[in-house]
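Secondary and tertiary structure notes
So the chains spell out like this:
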Amino acid sequence: MSVSLNTWSVWQDLQQHRQSWDGVTLRQLFREDPQRAQRFSAEACGLYLDYSKHLIDSETVRLLMALARGRHLEDRRAAMFAGEPVNRTEGRAALHAALRAPKGYVMPTVGMNVVPEVHQVLEHMAAFTRSIHEGRWRGATGRPLRKVVNVGIGGSYLGPEMAWKALRAYRHPDMDLRFVANVDGATFVDVTAGLDPAETLFIISSKTFTTLETMTNAHQARHWITSALGEAAVAKHFVAVSTNTDAVKAFGMDAEHMFGFWDWVGGRYSMDSAIGLSTMLAVGPEHFTEMLAGFHAMDIHFQTAPLERNLPVLLGLLALWYNNFWAAHTQAILPYAHDLARFPAYLQQLQMESNGKRVDEDGHPVPVDTGTIIWGEPGTDGQHSFYQLIHQGTRLIPCDFIGFCRPLSALAEQHDLLMANLIAQAEALAFGKTAEELRAEGVAEAQVPFRMFPGNRPSSVVLADALTPHTLGALVALYEHSVFTQGVIWGIDSFDQWGVELGKILAQRIVADIRGAAGHPHDASTQALMARYLLIRGD
């Protein structure tokens, strides 16, 4: 990493190549190459990727692959899967792939195979889930626990909530999941509204059992349970996903009801670890195992497929192509599936917490832009919201459309219309509508400038058979490894997240100041804001 990225010859070749695209249109490229859709598509793990509507040609792909190899992507990939400490700033491995490895699979870290330990936790989760489903684990009053509230934040919340919504068609009919993350008390009140403490189970998800937001909500939940059922009810109505045995015991839980994970599991990569206990309770051990198989299939594909046919590598390099060479700093994630409503938010954390870094692994400033800004909503909702800007605005916004060929809804007749919209949007973005076409249709000349679509707006389309547990696992792993691919090119540590620390530290100081327990020095603006808050609050 000693040579600055933007001075590499291949980087400069890409910059020069980008200039050659001025005036080139996707209409022209498809007209000149009838096989373009076949040449720029790939398939693996039940996912079909059409990337033919991107502003690329064979030379673009060749240069991007040369960049990836020049930045030693294959070696860094091997190091990650071998359990080497690729999280350099924390001196840790990033072995989230071990969480979904099947029994008998060898994945070493720190000189030992971690897979058997992973499966011990999975078996513990499965046994607990069956005891809940079968009514053998009951609450303090002897009633079955059918309402589950997952208390966590960040990766301890976004993944489980996303999976709960995504796997709606596979939910256990008796289970109802809810999620508390925000420290705003309105969240807890809203989530617990209508719940009966006698049939409610709380999962407290915090690796350290010290996370301020999570533990604030956890103690509120404890008060909610004990006020109704007494102190002894804590052991029956709470379980923990944590590594802090002493804190879990001090809370009132039996350590046997703690589900552990490891320091080589980053929060945003943890939905398939014990953090996914709520997911397993929702869909059952068998469907959870199917999801893990989808993750693992994509892991193997990422490890073994040639870079030119490697789905995560292709997605990662395309994102980098637009971010660094087209000044397209945002990317829209557009699932045409109601059940994937939380997938864009999940990818926001995965991408922006992983690659929102300004220095490389050696602590030197990165000379190029990192960390694409991720956003999006499900189709067709977004078509009547922000698609106007994507189609006719001044900014270039690459899009990922995600769709499923078979519906899981009982209203299957509407699925053709849904998928027609997905395919149509990708077509419209790529090819637009010219002034000549509008005039040929009889559009009044005064209206032509307003109704013209420039086209040349790039998009990927990811199609799968159906939104199954296996597909969800493969889809999440696809984006996990695309994020890693970009991080390797930029030379940054995609697995730390120091950027979340400072705000947490200052918040603890300020809350102490607000409550009169301390008097930390602050700037004039912060002092004024605290004073106004206290004045209006009535203190």
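No experiment lies behind these values; they were computed from the predicted model shown.

1. Focus: the packing of helix α15 (residues 343-355) against helix α20 (residues 469-490)
Following both chains from N to C, one finds α15 and α20 inclined at 25°, their axes separated by 10 Å at the closest point. With respect to their mutual orientation, α15 and α20 come out roughly parallel. α15 and α20 meet at a crossing whose hand is right-handed. Here F343, Y346, L347, L350, Q351, S354 and N355 of α15 lie close against α20, whose contacting residues are L475, V476, Y479, E480, V483, Q486, G487 and W490. Taken together, the residues that form the contact of α15 with α20 break down as nine nonpolar, five polar and one charged.

2. What about the packing of aromatic side chains?
Enumeration according to the criterion identifies 24 aromatic pairs in this entry. Ring geometry for W11 against F325: centres 4.6 Å apart, planes inclined by 45°, an arrangement best described as tilted. Here W11, found in helix α1 (residues 9-19), pairs with F325, found in helix α14 (residues 311-325); they are 314 residues apart in sequence, far enough to count as distant. The burial state of W11 is the same as that of F325; both residues are buried. Look at Y269 and F495: their rings are 5.5 Å apart centre to centre, the planes differ by 50°, and that puts the pair in the tilted class. One end of the pair, Y269, is in the loop between β9 (258-259) and α12 (277-283); the other, F495, is in the loop between α20 and α21 (501-514), with 226 residues separating them in the sequence. We note that Y269, like F495, is buried. By the ring-pair criterion, three or more aromatic residues cluster together here, those being F188, F202, F209, W224, F238 and F251. Directly above the ring of W8 sits R71, whose terminal nitrogen or CZ lies 5.0 Å from the centroid. The ring centre of F302 lies 5.7 Å from the NZ or CZ of R77, which sits over that ring.

3. Notes on the pairing of strand β2 (residues 47-50)
Where strand β1 (residues 41-44) meets β2, four bridges bridge the pair, whose relative direction is antiparallel. Each bridged residue has a counterpart across the sheet, and for A44 the counterpart in β2 is L47. In sequence, β1 turns back onto β2 through a hairpin of two residues, with C45 there showing a positive phi of about 55°. The sheet contact formed by β2 and strand β13 (residues 459-464) spans four bridges and is antiparallel. If you follow L49 over to β13, its bridge partner there is V462.

4. Things to note about the side chain of S156
Relative to the elements of secondary structure, S156 occurs in the loop between β5 (147-151) and α7 (158-166). Leaving out residues up to four positions away in the same chain, S156 has contacts with N150, S205 and I275.

5. Focus on the state of the cysteines
Throughout the structure, instances matching the rule amount to zero disulfides. Between C45, a free cysteine, and C405, which holds the nearest cysteine sulfur, the sulfur-to-sulfur gap is 16 Å.

6. Focus: the sheet that holds strand β6 (residues 176-180)
Taken in spatial order, the five strands line up as β6-β5-β7-β8-β9 in an open sheet, and their pairing is parallel. Two strands lie at the open edges of the sheet, namely β6 and β9, each paired on one side alone. Both strand β7 (residues 200-205) and strand β8 (residues 238-241) contribute to a ladder of four bridges, which runs parallel. Among the inter-strand pairings, S205 is bridged to a residue of β8, identified as V241. On the sheet, helix α8 (residues 185-192) packs against β5, β6 and β7 and is oriented at approximately 170° with respect to β6.

7. Comments concerning the pattern of salt bridges
Working definition: two side chains of opposite charge can pair if their charged atoms are close together. In total, this model carries 29 salt bridges according to the counting rule given. Across the pair R342 and E161 runs a salt bridge, and its minimum N-O distance is 2.8 Å. With R342 in the loop between β10 (330-335) and α15 and E161 in helix α7, the pair connects residues that are 181 residues apart, well separated along the chain. The exposure class of E161 is buried, given its relative accessible area of 12%.

8. Remarks on the domain arrangement of the protein
Domain annotation of the protein identifies domain 1 (40-71 + 305-490), domain 2 (97-288) and domain 3 (500-537). Computed from C-alpha coordinates alone, the two centres of domain 1 and domain 3 are separated by 41 Å.

9. Quick look at the UniProt feature "active site" (unreviewed entry) in the protein
Taken from the UniProt record, the annotation "active site" (unreviewed entry) applies to E353, H384 and K504. For the annotated residues, spread through 152 residues, the largest C-alpha to C-alpha distance comes to 37.2 Å, inconsistent with a single compact locus. Overall, H384 belongs to the exposed group, its relative accessible area being 73%. Secondary-structure assignment places K504 in helix α21.

10. Some points on the sheet that holds β2
With respect to topology, six strands assemble into an open sheet ordered β1-β2-β13-β12-β10-β11, the strand pairing being mixed. Lying at the two open borders of the sheet, with one neighbouring strand each, are β1 and β11 (373-375). Across the sheet, the mean angle separating the axes of adjacent strands is 15° when strand polarity is ignored. In this structure, β10 lies alongside strand β12 (residues 399-404), joined through four bridges in parallel fashion. Each residue of the ladder has a partner; that of A332, found in β12, is C399.

11. With respect to the environment of L14
As for its placement among the helices and strands, L14 is situated in helix α1. Residue classification places L14 among the buried residues on the basis of a relative accessible area of 0%. When neighbours within four sequence positions are excluded, L14 is seen to be in contact with L63, L64, L67, W321 and F325.

Parameters at a glance
For every chain, the first residue of the written sequence is number 1, and numbering continues from 1 onward in sequence order. Reporting of local features is limited, given that this is a predicted model, to residues whose pLDDT is at least 70; pairs of side-chain atoms are given and counted only at 80 or more, and all residues count toward the totals for whole chains, interfaces and linings. With hydrogens and water set aside, each side-chain value is computed from the structure's full complement of heavy atoms. Between the N-to-C directions of two axes lies an angle of 0 to 180 degrees, each axis being a line fitted to C-alpha atoms and, for a helix, fitted only over the stretch in contact. Numbered from the N terminus, helices here are DSSP runs of H or I no shorter than four residues, and strands are runs of E no shorter than two. Each angle is binned into one of four classes, with values under 35 degrees roughly parallel, values over 145 roughly antiparallel, values of 65 to 115 roughly perpendicular, and all other values oblique. Two helices cross in a left-handed way if the nearer one is turned anticlockwise from the farther one by less than a right angle. They cross in a right-handed way if the turn is clockwise. Between two residues, a contact is recorded if the distance between any of their heavy atoms is within 4.5 Å. In the scheme used here, Gly and all other residues not listed as nonpolar or charged are polar, with Ala, Val, Leu, Ile, Met, Phe, Trp, Tyr, Cys and Pro taken as nonpolar and Asp, Glu, Lys and Arg as charged. Within 6.5 Å between ring centres, the rings of Phe, Tyr and Trp (the latter by its six-membered ring) count as paired, and their orientation is classed by plane angle as stacked under 30 degrees, edge-to-face over 60, tilted in between. Under the scheme applied here, a residue whose accessible area is under 20% of the maximum for its type counts as buried, over 50% as exposed, and between as partly exposed, the area being computed with a 1.4 Å probe on protein chains only. Criterion for a charge above a ring: Arg CZ or Lys NZ at most 6 Å from the ring centre, at most 35 degrees from the ring normal. At least two bridges found by DSSP between two strands is the condition for calling them paired. In this description, the term disulfide denotes a pair of cysteine sulfurs within 2.5 Å. By definition here, a salt bridge exists when the distance from a side-chain nitrogen of Lys or Arg to a carboxyl oxygen of Asp or Glu is within 4 Å. Source of the domain bounds: an automatic or database domain assignment. UniProt positions are given in the numbering used here, feature names are shortened, and annotations may be inferred rather than shown by experiment.

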